[in-house]
Amino acid sequence: MKTENESKALRKVLAVSLLLVVLTVLLWGIQSNWGAVKISRFNIQGDNGTKISGISYVPKNASNEKPLPTVVIFHGRSNHAHSNDTWSMELARRGYVVFSPDLSGGGESDVNSREEQGASVLQYVGNLPFVDKANLNIVGYSAGCATTLYSQQKHPELVNGVVTVFGPFMVQMTTKNQPVDLDCNYGMIKAKADQYDYNFIGDPAANEKYITTAFGLPENVQYNKTYDYGNGNVFRYDMVNDALHQTGNISGQTITYIIEDIELFSEAPIKLASTDLVWLPQQAVSLACAICVILFIAFMANLLMYNPFFAVMKAPLPQNKGLRGKKLGMRIFMDIAIPTVLFVPVSAYVMMWTAKSKIFTSTNLNGIMGWLVILGMISVVTLFFNVQKAKKEGRKIPFCDLALGAEGEEKFVWTRVIRSFIMGSLVVGIVLIWLAAIEGFAGVTYQFWNIATMLRVNHMRFVRAIPYICIIFFAMITGGMGMLVTRRLPETGNEKRDMFVAVLVNLLISAACLAILLTLQYGGSLIIGTGQTIIPQMDLYGTGKNTSVGALDFAFGYCFMMGTMNAVITYLYRKSGTIWPGLAMCCMFAGFITTASFTLVR
């Protein structure tokens, strides 16, 4: 016989599950133009038998008898095939066939040269019977610009047009500052406030000078103007005023310019205004889906704790021993200030020191993980001094004061820990199966910009994520012991209100550090408008080159992850009385799902 609380827990799981299904169908409808475009994963064999995987958008009217103009999109660093779904679906709505491959280390492709992988995909697409071979175009974003140029040079006979998005610096690096002489149409789109262009070339005026010289233009390049590029080809340059280097896939102006460039090179089969876009509702629905997944894991774990096998993990919520007044204010200030100050220097040096690690194989992710380790060590040192202080006072710190056990427990309960990992594995396993199913059947995943990314995980990424899960576990347990106890606010007697406030406070504080840094760095850069950033670059090698702001450029997703995972841990702490049910599940969720948004192999 179910209790009232168990029935409520079941209703919550069913409600959020139903909402997630409805939102996923809506997401598929927007991305596939309600079935007019088939979205699916493709797999081909590249060099040395290596696997290349990716996502294709094929309009239903594409056929051998009626081949359609086609676009191949190459993503940037720490991205994957789904990163540019906003571009893919907008082009597919206009009747273009679109292929977006996972490049080395991102998504599901094997590790190999990104450039060779791009060339292999281009050759594969060029041989498909439903592709109009006279109208095959390629688009590159950031590091994908280098892949684009290499692929065009290796198979110039296949390429009708090239578009490089937010990559003047990458074009300069790839061509070694030599003239860019391609026998095809060319579109270049630049973000006005692109920090990489600023660091490598200079302000927008310096970029204009470089572009004018590199492409042999007759005058200083003008925005939105088409130039003769020889042999009947054209060159067009566009400047995006409302975007940073990282925001090209959620910038309406950028997407509009991509569409206009492609339509300039190859007439669109379906006539739509370049400003007729659906990426904004697609992103809103994708974010809503991601939030539903977070709610699902919290509600599902709570429901499972009513099962007799998992019920042993539950205990009454310990007595409230949270800090008050100035002590609480100082604790919150330090919980935000210390991580904020440490992030850039720590992540920068860790990235440098682990650049060749064979265990921690994602250089950008290593910077974030190194920062989490340092924060965890600070918590361990703080705990050590607190324990020594307690000994001098002739008392012990009980497990409940660390959120590790129930009130009055003097022995550590390993059964609680083991069963929390079993429960966490079960819940995360359900999510992984769901993510694999929605991509397998509908071709979609939950990708809100670079903030909320939830991908299906293949075996290689599963294995590579395990070392990072260990670090995440260390960071979560050391931080959680203090977060759940010392930041616990006074109870009001209204459990719903107390739960909401506790979850919200820990979500905001946990996300605050990266949110502050990202807002300062990129909000400030957008205001300045030249690509110059607020936080100065660190010259790690003393050469004036390869300067760094650490892993900040890749921290958007971890801002979301840290906030939401600590919110879930807080929710389950108040439901179970200890940190374990939330901790075990959240470290696996963050490791196997959040890290999937990173390039896990160099």
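Everything discussed here concerns the structure shown above.
Read on for a plain summary of the structure. (Residues numbered from 1 in each chain as written. Predicted model: local features only at pLDDT ≥ 70, side-chain atom pairs only at ≥ 80, totals over all residues. Heavy atoms only, no water.)

Turning our eyes to something else, we now look at the pairing of strand β4 (residues 97-101). In terms of residue burial, β4 counts as a mostly covered element, since five of its five residues are buried. Burial of β4 is two-sided: the residues Val-97, Phe-99 and Pro-101 facing one way and the residues Val-98 and Ser-100 facing the other way are all buried. Both strand β2 (residues 51-59) and β4 contribute to a ladder of four bridges, which runs antiparallel. Looking at β4, one finds that Gly-54 is bridged to Pro-101. Across three bridges, strand β3 (residues 68-74) lies against β4 in parallel orientation. Paired with Val-72 across the bridge in β4 is Phe-99. One crossover worth recording links β3 to the parallel β4 by way of helix α2 (residues 85-93), and it is right-handed. (Buried < 20%, exposed > 50% of the residue type's maximum accessible area, 1.4 Å probe, protein only. Helix = DSSP H or I, 4+ residues; strand = E, 2+ residues; numbered from the N terminus. Pairing = 2+ DSSP bridges. Right-handed = clockwise from strand over helix to strand, strands pointing away.)

What follows deals with the environment of Ser-100. Mapping Ser-100 onto the fold places it in strand β4. Judged by its relative accessible area of 1%, Ser-100 falls in the buried class. Residues Ser-100 and His-80, 20 residues apart in the sequence, show an inter-C-alpha distance of 8.5 Å. Apart from residues no more than four positions distant in its own chain, Ser-100 is found in contact with Phe-42, Gly-54, Ile-55, Ile-73, Ala-81 and Ser-88. Within the local environment of Ser-100, its side chain forms a polar contact with the backbone oxygen of Ala-81, the two atoms lying 2.8 Å apart. (Contact = heavy atoms within 4.5 Å. Polar contact = N/O pair within 3.5 Å; in protein donor to acceptor, adjacent residues only side chain to side chain.)

With respect to the helices and strands, Lys-190 occurs in strand β7 (residues 185-191). Side chain to side chain, Lys-190 and Asp-197 meet in a polar contact 3.0 Å long. Setting aside residues no more than four positions away along its own chain, Lys-190 makes contact with Phe-166, Pro-168, Asp-197, Pro-204, Asn-207, Tyr-237, Asp-238, Met-239 and Val-240.

As enumerated under the stated definition, the model contains 28 aromatic pairs in all. Measuring from ring centre to ring centre gives 5.4 Å for Phe-169 and Tyr-196, while their planes differ by 25°; the resulting arrangement is stacked. Here the residue Phe-169 occupies a position in helix α5 (residues 168-175), and Tyr-196 occupies one in helix α6 (residues 195-200), the gap between them amounting to 27 residues. Phe-169 sits in the buried class, given a relative accessible area of 4%. A relative accessible area of 12% means that Tyr-196 is categorised as buried. On the numbers, 4.7 Å between centres and 70° between planes, the contact of Phe-412 with Trp-414 is edge-to-face. Since its relative accessible area comes to 26%, Phe-412 is described here as partly exposed. Following the ring pairs from residue to residue traces out a cluster consisting of Tyr-186, Phe-215, Tyr-229 and Phe-235. Its end group placed over the ring of Tyr-306, Lys-314 keeps NZ or CZ at 4.2 Å from the ring centre. Its end group placed over the ring of Phe-309, Arg-419 keeps NZ or CZ at 4.1 Å from the ring centre. (Phe/Tyr/Trp six-rings, centres within 6.5 Å; stacked < 30°, edge-to-face > 60°. Lys NZ or Arg CZ within 6 Å of the ring centre and 35° of its normal.)

Here we take up unusual backbone geometry. Residue Ser-142 is not a glycine yet carries a positive backbone phi of 55°. The phi torsion at Asn-231 lies on the positive side, around 55°, for a residue other than glycine. With respect to the element layout, Asn-231 can be found in the loop between β8 (225-230) and β9 (233-240).

Moving on, we get to the packing of helix α13 (residues 414-442) against helix α17 (residues 580-592). Contact pair α13 / α17: the axes reach a minimum separation of 8 Å and the direction vectors enclose 40°. In terms of axis orientation, α13 runs oblique to α17. In terms of crossing hand, the pair formed by α13 and α17 is right-handed. On the side of α13, the interface is formed by Arg-416, Val-417, Ser-420, Phe-421, Met-423, Gly-424, Ser-425, Val-427, Val-428 and Val-431, while α17 contributes Trp-580, Pro-581, Ala-584, Met-585, Cys-587, Met-588 and Phe-589. Across the contact of α13 with α17, the residue classes break down as 13 nonpolar, three polar and one charged. (Axes fitted to C-alpha atoms, helices over the stretch in contact; angles between N-to-C directions. Parallel < 35°, antiparallel > 145°, perpendicular 65-115°, else oblique. Left-handed = near helix turned anticlockwise from the far one by under 90°. Nonpolar A, V, L, I, M, F, W, Y, C, P; charged D, E, K, R; others polar.)

What follows covers the sheet that holds β3. Think of a sheet as strands paired side by side through backbone hydrogen bonds, with each pair either parallel or antiparallel. One open sheet accounts for nine strands, arranged β1-β2-β4-β3-β5-β6-β7-β9-β8; its pairing is mixed. Edge positions in the open sheet fall to β1 (37-45) and β8, since each of these has one partner strand only. Taking the axes of each pair of neighbouring strands and ignoring which way they run, one obtains an average angle of 20° across the sheet. Two strands pair when backbone bridges link them, and β3 and strand β5 (residues 131-141) are joined in this way by six bridges, in the parallel orientation. Across the sheet, residue Phe-74 finds its bridge partner in β5, namely Gly-140. Across the face of the sheet, helix α3 (residues 114-126) comes into contact with β1, β2, β3, β4 and β5 while running at roughly 155° to β5.

Another aspect to go through is the pattern of salt bridges. Going through the model one piece at a time under the given rule, you end up with 24 salt bridges. Arg-41 serves as the salt-bridge partner of Glu-439, at 2.6 Å between the closest nitrogen and oxygen. Residue Glu-439 is found in helix α13, and its partner Arg-41 is found in strand β1; the two are separated by 398 residues along the sequence. Residue Glu-439 shares its accessibility class with Arg-41, and that shared class is buried. (Salt bridge = Lys/Arg side-chain N within 4 Å of Asp/Glu carboxyl O.)

Time to look at the nonpolar core. In summary, soluble globular proteins display a tendency toward joint burial of nonpolar side chains. In this structure, Tyr-186 and Phe-235 are the most contacted members of the largest nonpolar core, which totals 186 residues. Take this core: its biggest share by element is 15 residues, from helix α9 (residues 279-304). Discounting chain neighbours no more than four positions away, the residues touching Tyr-186 are Leu-149, Val-162, Thr-164, Val-171, Val-180, Phe-215, Tyr-229, Val-234, Phe-235, Arg-236 and Phe-265. (Core = buried A, V, L, I, M, F, W, Y, C linked by side-chain atoms within 4.5 Å.)

Below, the discussion takes up helix α14 (residues 459-486). Spacing of three or four residues puts side chains on the same side of an α-helix, whose turn is 3.6 residues. For α14, built from 28 residues, the straight-helix expectation of 40 Å at 1.5 Å per residue is met to within 8% by its first-to-last C-alpha distance of 40 Å. At Ile-466, α14 shows its largest bend, some 35°, and a proline, Pro-467, comes one to four positions later. (Expected span 1.5 Å × (residues − 1). Bend = angle between axes of the 7 residues up to and from the residue.)

Within the secondary structure layout, Met-369 lies in helix α12 (residues 363-392). Sequence-wise, Met-369 and Ile-469 are 100 residues apart; in three dimensions their C-alpha atoms are separated by 9.7 Å. Residue contacts for Met-369: discarding those within four places in its chain leaves Tyr-468, Ile-471, Ile-472 and Tyr-558.

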